[in-house]
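# Structural characterization, general
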Amino acid sequence: MFKWLDTTSVDALADSLVADLLQRVPPAALGAAGKKAGAKHEKAYKSVLSKAREFKRDHDLNVYKKARLANRLKWALAEAGYPPEFVTELTYELAATLSSHATGDR
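My aim in this report is to walk through the structure given alongside it, one point at a time. (Residues numbered from 1 in each chain as written. Predicted model: local features only at pLDDT ≥ 70, side-chain atom pairs only at ≥ 80, totals over all residues. Heavy atoms only, no water.)

## Re helix H5 (residues 84-99)
Our working rule: Strands here are runs of E lasting at least two residues and helices are runs of H or I lasting at least four, both read from the DSSP assignment and numbered beginning at the N terminus. Every helix has an expected span of 1.5 Å times one less than the residues it contains. The buried label goes to any residue with under 20% of its type's maximum accessible area, the exposed label to any with over 50%, and the partly exposed label to all in between, with areas taken from a 1.4 Å probe on protein chains only. Note on definitions: a residue-residue contact is assigned when non-hydrogen atoms from the two residues lie within 4.5 Å.
Here H5 is 16 residues long and its end C-alpha atoms lie 22 Å apart, about the 22 Å a rise of 1.5 Å per residue gives. Residues of H5 that are buried include every one of Phe-86, Val-87, Leu-90, Thr-91, Leu-94, Ala-96, Thr-97 and Leu-98, and no others. Each element contacted by the buried residues of H5 is listed here: helix H2 (8-24), helix H3 (35-58) and helix H4 (63-80).

## Comments concerning the pattern of salt bridges
To keep things clear, this is the line we draw: Each salt bridge in this description consists of a side-chain nitrogen of Lys or Arg and a carboxyl oxygen of Asp or Glu lying within 4 Å of one another.
This structure, assessed with the given rule, holds six salt bridges. Linking Arg-24 and Asp-20 is a salt bridge whose minimum nitrogen-to-oxygen distance equals 3.3 Å. Placement of both Arg-24 and Asp-20 in helix H2 is noted, with a separation of four residues, approximately one turn of the helix. Owing to a relative accessible area of 30%, Arg-24 belongs among the partly exposed residues under this scheme. A salt bridge links Lys-46 to Glu-42, with the nearest nitrogen and oxygen atoms 3.9 Å apart. A residue pair is termed a helical-turn pair when its members lie 3 or 4 positions apart in one helix, as Lys-46 and Glu-42 do in helix H3 at four residues.

## Topic: the side chain of Ser-47
Tracing the sequence through the fold places Ser-47 in helix H3. In this structure, Ser-47 is in contact with Asp-20 and Arg-24, ignoring residues within four places of it in sequence.

## Quick notes on the environment of Glu-93
Relative to the helices and strands, Glu-93 resides in helix H5. Along the backbone, Glu-93 and Tyr-45 are 48 residues apart, and their C-alpha atoms lie at a distance of 9.7 Å.

## Re the nonpolar core
Across soluble globular proteins, you tend to see nonpolar side chains buried next to one another. So the rule is basically this: Residue types Ala, Val, Leu, Ile, Met, Phe, Trp, Tyr and Cys, when buried and joined through side-chain atoms within 4.5 Å, form a set referred to as a nonpolar core.
The biggest cluster of nonpolar side chains holds 25 residues, and the ones touching the most others in it are Leu-21, Leu-77, Leu-90 and Leu-94. In contact with Leu-90, other than residues within four places in its own chain, are Leu-21, Tyr-45, Val-48, Leu-49, Leu-73 and Leu-77.

## Remarks on the packing of aromatic side chains
Aromatic rings considered in pairs are described by the distance between their centres and by the relative angle of their planes. The cut-off we apply is this: Between rings of Phe, Tyr and Trp, where Trp is taken as its six-membered ring, a pair exists when centres lie within 6.5 Å; planes separated by under 30 degrees are stacked, by over 60 edge-to-face, and by other angles tilted.
Scanning the entire structure with this criterion turns up two aromatic pairs. An angle of 65 degrees between the planes, with centres 6.2 Å apart, marks the rings of Tyr-45 and Phe-86 as edge-to-face. Placement of Tyr-45 in helix H3 and of Phe-86 in helix H5 is noted, with a sequence separation of 41 residues between them. Of the two residues examined, Tyr-45 and Phe-86, each falls in the buried class. By way of ring pairs, the aromatic residues Tyr-45, Tyr-82 and Phe-86 are connected into one cluster.

Listed below in C-alpha cells is the structure:
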C-alpha cells in the first residue's frame, strides 16, 4: 500500500525535467523568433517527453503517480515563469505520454 503512494522517484523526475528545461529554454527565450530558436524549443520539448517515456518504461506508474508527475511539472513550470499556454500544452502531452499503453506511441 505504501509503495503505491511513494512518489519520491516521480518528484525527482519532475524536478529534473524542469531543471533541464530551464537550462535549455528559459521562459524568456520562448518568445524568441527564428529557425534556430524554434528548433531548440522543439528539441527541449521532445526531450522532456522522451525522458518521461523512458521513466515510464523503467517504473511501474499507477494513476496517482502519473497525476502527481503531471501536476508537479505543471506548477513548477508555472512558478518558473513559463507562459500558461506552454505549460498547459506540455502538461497535456506529458499526461498523454504517460497514459499511452505502448511506450512508442508518442
